[in-house]
Structure formats: structure tokens, C-alpha cells
Amino acid sequence: MKNTVTTLQEQKKNSDKITMLTAYDFSTAKLMDQAGINCILVGDSLGMVMLGYQDTLSVTMEDMIHHTKAVSRGCTETFVVADMPFMSYQTSVYDAVVNAGRLIKEGCAQAVKLEGGLEVCPQIEAIVKASIPVMAHLGLTPQSVNAFGGFKVQGKDEEAAKRILKEALAVQEAGAFAVVLECVPAKLAELISSKLEIPTIGIGAGKGCDGQVLVYQDMLAMYGGFKPKFVKQYANIGEQMKKAFSDYISETANGEFPAEEHTFTISDDILEKLY
């Protein structure tokens with residue numbers, strides 16, 4: 001069954017957990033689609049895991065459109081959400097609508113995601129009025145890493161917890177169909193989830209959210225040596241890949257590859273005529 005805004009909202013009503021992973025290319029998206037993932041987020045995390053940047057701030061609209069288009073081609077049932085990169089929506093409501101439209105029209109996404117609370121509610125409202133579904137993002141918002149002073153858990157004191165709850169209600173009121181809660185204490189995320197009519201998608205926010213999202217390179221141990229506290233590694237694909245690359249180098253060097261079964265034949269009679 002094709003996943004849509006409506007089916008995701010029905011999952012919340014039915015207490016059916018929503019599954020979401022990041023993807024940035026056709027092949028990976030196709031595998032996730034075949035596995036039955038509800039949502040794929042083409043995250044601006046691609047700046048770090050695909051392009052080698054130190055953070056997400058250098059990602060451009062062109063980067064996002066390029067990767068979103070590739071992911072969309074790999075999906076038949078999975079709902080595709082594209083991140084709006086840094087400074088593609090903060091500058092004005094007009095810019096927000098134009099850039100969201102590009103991700104839908106050129107990238108073939110079904111929805112966009114943007115970070116922030118009260119300050120981006122006008123953008124959320126305007127994008128939704130343009131018939132583009134918006135997923136909000138609260139808590140640790142990586143595009144604000146410089147303002148936060150690093151990647152830190154958000155909402156741990158009373159004032160901060162109240163602010164996140166207020167902002168969650170505000171983005172819902174502005175028209176967001178779902179909200180990501182990142183690095184928020186589990187009990188706070190559970191409380192917010194109970195107060196919202198729209199689904200919450202947690203990353204480092206506990207099992208009380210309506211769904212979960214992970215960066216796929218993290219959950220497959222493919223990205224560096226650092227493993228965030230909230231990540232469960234379901235397979236060590238990184239080590240398997242390195243071993244395969246090493247085996248290929250070794251077998252090529254010693255002549256074991258390519259073997260006879262990997263080659264094509266030609267008649268000796270034809271070869272004799274070539275000498």
C-alpha cells in the first residue's frame with residue numbers, strides 16, 4: 001500500500017509505529033522500499049555522510065534536489081520527505097515556498113521537512129497553503145548547531161521543556177502533518193506525542209514517539225567510528241564492505257580474479273587468423 005500523509009496519520013490513530021530511515025540514492029531507496037519502510041527522509045545529513053562536510057550547513061538546494069530525485073526513482077510505496085537545507089527557508093516566507101516547490105517539482109518528493117519552531121510557523125503555514133505537506137523538526141536541530149554550541153540534548157530543564165511543547169503545538173497549528181523530535185528526553189517526547197494529533201517521529205527521543213528515524217549509515221555501522229547513544233547498529237555493513245574491498249584487491253593482485261567463470265570465450269580458429 002502506498003504510504004501517504006493520510007496513512008501516516010492513521011498509523012498514529014491506530015498506535016501503529018511509523019518507520020523512517022534516511023536515504024540518498026536510488027539503489028538504497030529501492031531496497032528500503034522493497035523492505036516496507038513507511039518513509040524515507042532525504043536528509044541534509046547527506047552533507048556529512050555522502051559529501052564529507054563537517055556539518056549540514058554547506059548543503060545546497062541543488063544537492064538536495066539531485067539526491068531527492070534519485071531516491072524518488074527508487075520508491076513505489078515509500079513516502080519520500082526532503083529536507084530543506086540551511087538558508088533555503090529562513091530568509092523569507094517567499095523563499096520558503098519557492099524552495100519547497102522545487103523539492104516537490106524537481107526532486108519529486110511528496111513532502112518537505114524544515115527545522116525550527118515558532119520562528120518558522122509563517123513558513124510552514126505558507127508552504128502548506130501551497131499544497132505542500134510539511135514535516136516539522138524540533139529539539140536538537142542540526143542547522144542550529146552553532147547557536148546550540150554543539151550537538152546537545154534539548155529540553156532537559158523546565159523552561160526548555162515548556163518551550164519545546166509550546167513549539168510542537170505551534171507547528172501543528174501552522175499545518176505540519178508530523179514533527180521530528182531529536183535528542184529530547186524520552187518522557188518529554190512521550191508527553192508531547194500524547195498532546196499532539198499529528199505523528200511524532202523520534203530520533204534519540206525514546207519509544208513513546210509515534211515513529212522512529214535513523215540515518216542508515218549509522219544503523220549499518222558505515223559512518224566513521226562514532227556511534228551516537230541513540231543509534232542501534234543492526235548490522236556491521238561497514239566492516240563487511242571493507243573486507244570485500246580488501247579481498248577484491250588481494251584476488252586481483254594474485255590473479256585469482258577474474259576466474260574462468262567471469263570471462264568470455266572466443267574460438268581458437270578466429271584467434272589464429274589474427275596473428
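Above this text is the structure in question.
A. Representation of the overall build of the protein. Across its full length, the protein holds 12 helices and eight strands. Oriented by its inertia axes, the alpha-carbon framework of the protein measures out at about 85 × 40 × 35 Å. Considering the protein as a whole, with its 275 residues, one finds that 47% of them fall into the buried category. Expressed as a percentage of contacts within the protein between residues at least 6 apart in sequence, the contacts between residues at least 24 apart total 58%. Here the protein has roughly 14600 Å² of accessible surface; of this, 56% comes from carbon and sulfur atoms.

B. Inspection of the packing of helix 4 (residues 61-73) against helix 5 (residues 93-105) at higher detail. Contact pair helix 4 / helix 5: the axes reach a minimum separation of 9 Å and the direction vectors enclose 25°. Judged by the inter-axis angle, helix 4 sits roughly parallel to helix 5. Helix 4 and helix 5 meet at a crossing whose hand is right-handed. Contacts from Met 61, Glu 62, Met 64, Ile 65 and Thr 68 in helix 4 reach Asn 99, Arg 102 and Leu 103 in helix 5.

C. Local environment of unusual backbone geometry. Along the chain, Phe 257 connects to Pro 258 via a cis peptide bond; the corresponding omega equals 0°. For Cys 108, which is not a glycine, the phi torsion comes out positive at approximately 65°. Structurally, Cys 108 can be placed in the loop between helix 5 and strand 4 (111-113). At Ser 131, a residue that is not glycine, the phi angle is positive and equals roughly 70°. According to the relative accessible area criterion, Ser 131 is exposed, its value standing at 65%.

D. Region of the structure containing the nonpolar core. By size, the foremost hydrophobic cluster in this structure holds 57 residues, and its most contacted members are Ile 124, Ile 127 and Leu 181. The element that contributes the greatest number of residues to this core is helix 8 (residues 158-174), accounting for seven residues. Excluding anything up to four places from it in sequence, Leu 181 contacts Leu 138, Ala 189, Ile 192, Thr 200, Ile 201, Gly 202, Ile 203, Ala 205 and Cys 209. The next biggest cluster of nonpolar side chains, apart from the first, holds 16 residues, and it includes Val 5, Phe 79, Val 81 and Ala 111.

E. Representation of the sheet that holds strand 6 (residues 178-182) in the model. Taken in spatial order, the eight strands of this closed barrel run 1-2-3-4-5-6-7-8, and their pairing is parallel. Strand-to-strand, the axes of this sheet are offset by a mean angle of 25°, without reference to chain direction. Relative to strand 4, strand 3 (residues 79-83) runs parallel, the two being bridged by three bridges. Pairing of Val 81 across the sheet is with Ala 111, part of strand 4.

Conventions and cut-offs
- Residues numbered from 1 in each chain as written.
- Predicted model: local features only at pLDDT ≥ 70, side-chain atom pairs only at ≥ 80, totals over all residues.
- Heavy atoms only, no water.
- Helix = DSSP H or I, 4+ residues; strand = E, 2+ residues; numbered from the N terminus.
- Buried < 20%, exposed > 50% of the residue type's maximum accessible area, 1.4 Å probe, protein only.
- Contact = heavy atoms within 4.5 Å.
- Areas by Shrake-Rupley, 256 points an atom, 1.4 Å probe, with all protein chains shown as cover.
- Axes fitted to C-alpha atoms, helices over the stretch in contact; angles between N-to-C directions.
- Parallel < 35°, antiparallel > 145°, perpendicular 65-115°, else oblique.
- Left-handed = near helix turned anticlockwise from the far one by under 90°.
- Core = buried A, V, L, I, M, F, W, Y, C linked by side-chain atoms within 4.5 Å.
- Pairing = 2+ DSSP bridges.

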